[in-house]
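Summary of structural features
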Amino acid sequence: MRHMKDKVEVRFLGGAREVGRSAILMSYRNTRLLLDYGVLVGDGKPELPIHVPPRDIDAIIVTHAHLDHSGAVPFFYISCTPPLYTTSLTKQLSDILIRDLLNLSHYYLPFEVLELVTMLDNTRKVKAEKTVKVKDATITFFRAGHIPGSLSVLVEIGGRYIWYSGDINTIDTRLLTGASLEGLPEVDLAIIESTYALTDHPDRMENERKLIEVLSDVVDGGGLALVPAFSVGRSQEILCILEAHGFEYPVAVDGMARIASKILIQHPKEIRDPELLRRAVKKAHFVTGGKDREKVRKRPGVVVSPAGMLTGGAAAYYMEKVAKNPKDAVILVSYQIPGTPGRRLLDEGRYELKGKPVKVKCRVEWLDFSSHCGRKELHELVKSLKGSPTVVTVHGEAEACKEFAAWIRDEVGFKAMAAKLGEKVVL
Ligand SMILES: [Zn+2]
Ligand SMILES: [Zn+2]
């Protein structure tokens, strides 16, 4: 029997039965680690994970730059300076994404640019396959294959091994090589994302061909095809697909995807085929400002722009025109969180224009170019874990987290649970 104080406690501060504000606190004796501290970006104000006093935290690990993992981290730098471990690329990308978040929602957030700058100053760069020590914890990083710079994390603490998938994709995409878990030992606890736990992804090549077909169709008919996409990852994946298929129509890139693309081509080691990305970025037209944007909006062509779920950004500007025009199209290429305009468009065919939800006239398509494991890949991932870990399912809608946990119990025989917000696992 271990003494009480020797227990390892893992608490789910967010991302529990929801997609957004991922945050996990690990405590053992005097060591406290925070893995991710994101925001939940719905339709209104961003929501933060459960509060933790910043002075209690010894180190923060950020798995990747998406705001649902990194967005609220500057909160810890108001009065403290804990070290933050992440990749050099995630550091650069979080800088631009959190700045953008502050521009849009600073009124709702408990920190400002100054705290972001302090956060960046306290960032220590790590890489996949590298290990760092923080007090009683040894932390090892693995390539997660989700977006450039993304990691999964193994923490050895108090003699227990805990693996957190972060957002993970085990298959290759145009932009990235799939996740690698080579060298992952037997773990006591595995915390695994569940975004697509109930959905199999369609065949990727088939999807690519469909995308090319739809886009060519729309442009041939004199229309504008809007592809709302996350600025980091998905936008560049779409550009790479178009380039790989020799797509000859005009392609414009707008919003934060422009600067993200320029950052990514400076990190060729993080990209599967850096030459393909470089060519794709070179060929695309990067929108230069208001007048240029107006021109792009008027002419037939393709425009790739955030926000991926139509929550704002330049995509919203293009939607004002596209929504009213039967020749145009909007092609959603990612998971749409419930409550977002993108989800409403898919479910009801409606989009809010000047405060009024209107039935859109344009063609609406959803082609899933996910950068997460699908059902099949998640099942394989769990089956590949050595030993008999307890599995906690996170980062999915409630049904997905619960059913995935039930599948793990029934089919694999591991203990499994869909953590609730604030719930603790004690090892
Ligand atoms: Zn992500
Ligand atoms: Zn995420």
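Please read all numbers here as calculations on a predicted model, not as lab measurements.

Turning to the overall build of the protein, a few remarks are in order. Along the protein, the regular secondary structure elements total 12 helices and 22 strands. Burial analysis of the protein (427 residues in total) assigns 59% to the buried set. Of the contacts formed within the protein by residues at least 6 apart in sequence, a portion of 73% connects residues at least 24 apart. Of the roughly 17,700 Å² that the protein leaves accessible, carbon and sulfur atoms contribute 48%. The centroid of the 59 positive side-chain charges in the protein is displaced by 3 Å from the centroid of its 54 negative side-chain charges.

Here the zinc ion (ligand 2) is held by the protein donor atoms Asp 68 (OD), His 69 (NE2), Asp 167 (OD) and His 395 (NE2), which lie 2.1 to 2.2 Å from it. Note that the zinc ion (ligand 2) binds four donor atoms; their angles at the metal cover 88 to 163 degrees, and the shape is irregular. The metal-metal distance between the zinc ion (ligand 2) and the zinc ion (ligand 1) is 3.4 Å, with Asp 167 serving as a donor to both. Here His 69, found in helix α1 (residues 67-70), pairs with His 395, found in the loop between β20 (390-394) and α12 (398-412); they are 326 residues apart in sequence, far enough to count as distant. Grouping residues by exposure puts His 69 and His 395 together as buried.

As a further point, take the pairing of strand β12 (residues 224-228). For β12, the tally of buried residues reaches five of five residues, placing the bulk of the element in the interior. Here β12 shows two buried faces, one formed by Leu 224, Leu 226 and Pro 228 and the other by Ala 225 and Val 227. Here β12 pairs with strand β16 (residues 329-332) via two bridges, running parallel. Counted as the bridge partner of Leu 226 is Val 330 from β16.

Turning our eyes to something else, we now look at the domain arrangement of the protein. Domain parsing of the protein yields domain 1 (4-199 + 371-426) and domain 2 (204-366). One C-alpha centre belongs to domain 1, the other to domain 2; they are set 28 Å apart. On the side of domain 2, 36 residues touch domain 1, which itself brings 27 residues to the contact. Taken together, both faces of the contact between domain 1 and domain 2 bury some 2,600 Å²; the carbon and sulfur share is 61%.

A separate point is the coordination of the zinc ion (ligand 1). Binding of the zinc ion (ligand 1) to the protein goes through His 64 (NE2), His 66 (ND1), His 146 (NE2) and Asp 167 (OD), at separations of 2.1 to 2.3 Å. Metal-centred angles of 91 to 166 degrees between the four donor atoms at the zinc ion (ligand 1) mark the site as irregular. Mapped onto the sequence, the residues coordinating the zinc ion (ligand 1) show the spacing H-x1-H-x79-H-x20-D. Residue classification places His 64 among the buried positions, given a relative accessible area of 0%. Relative accessible area serves as the criterion here: at 11%, His 66 is assigned to the buried category.

Turning our eyes to something else, we now look at the sheet that holds strand β2 (residues 23-28). Taken in spatial order, the seven strands make up an open sheet running β6-β5-β4-β3-β2-β1-β22, and their pairing is mixed. Of all the strands in the sheet, the pair left with one neighbour each is β6 (123-125) and β22 (424-426). For this sheet, the mean inter-axis angle between neighbouring strands, taken without regard to orientation, is 20 degrees. In the sheet, strand β3 (residues 31-37) pairs with strand β4 (residues 59-61) via three bridges, with the strands oriented parallel. Counted as the bridge partner of Leu 33 is Ala 59 from β4.

This paragraph deals with the pattern of salt bridges. This model, assessed by the stated rule, comprises 22 salt bridges. Its salt-bridge partner being Glu 18, residue Arg 21 comes within 2.7 Å of it at the nearest N-O pair.

Basis of the calculations
- Residues numbered from 1 in each chain as written.
- Chains lettered and ligands numbered in written order.
- Predicted model: local features only at pLDDT ≥ 70, side-chain atom pairs only at ≥ 80, totals over all residues.
- Heavy atoms only, no water.
- Helix = DSSP H or I, 4+ residues; strand = E, 2+ residues; numbered from the N terminus.
- Buried < 20%, exposed > 50% of the residue type's maximum accessible area, 1.4 Å probe, protein only.
- Contact = heavy atoms within 4.5 Å.
- Areas by Shrake-Rupley, 256 points an atom, 1.4 Å probe, with all protein chains shown as cover.
- Lys, Arg positive; Asp, Glu negative; His and termini not counted.
- Charge placed at Lys NZ, Arg CZ, Asp CG, Glu CD.
- Donors = N, O, S within 2.8 Å, 3.2 Å for Na, K, Ca; no water.
- Tetrahedral: all angles 85-135°; square planar, octahedral: opposite > 155°, others 65-115°.
- Pairing = 2+ DSSP bridges.
- Domains from an automatic or database assignment.
- Buried area = accessible area lost by both parts, 1.4 Å probe.
- Axes fitted to C-alpha atoms, helices over the stretch in contact; angles between N-to-C directions.
- Salt bridge = Lys/Arg side-chain N within 4 Å of Asp/Glu carboxyl O.

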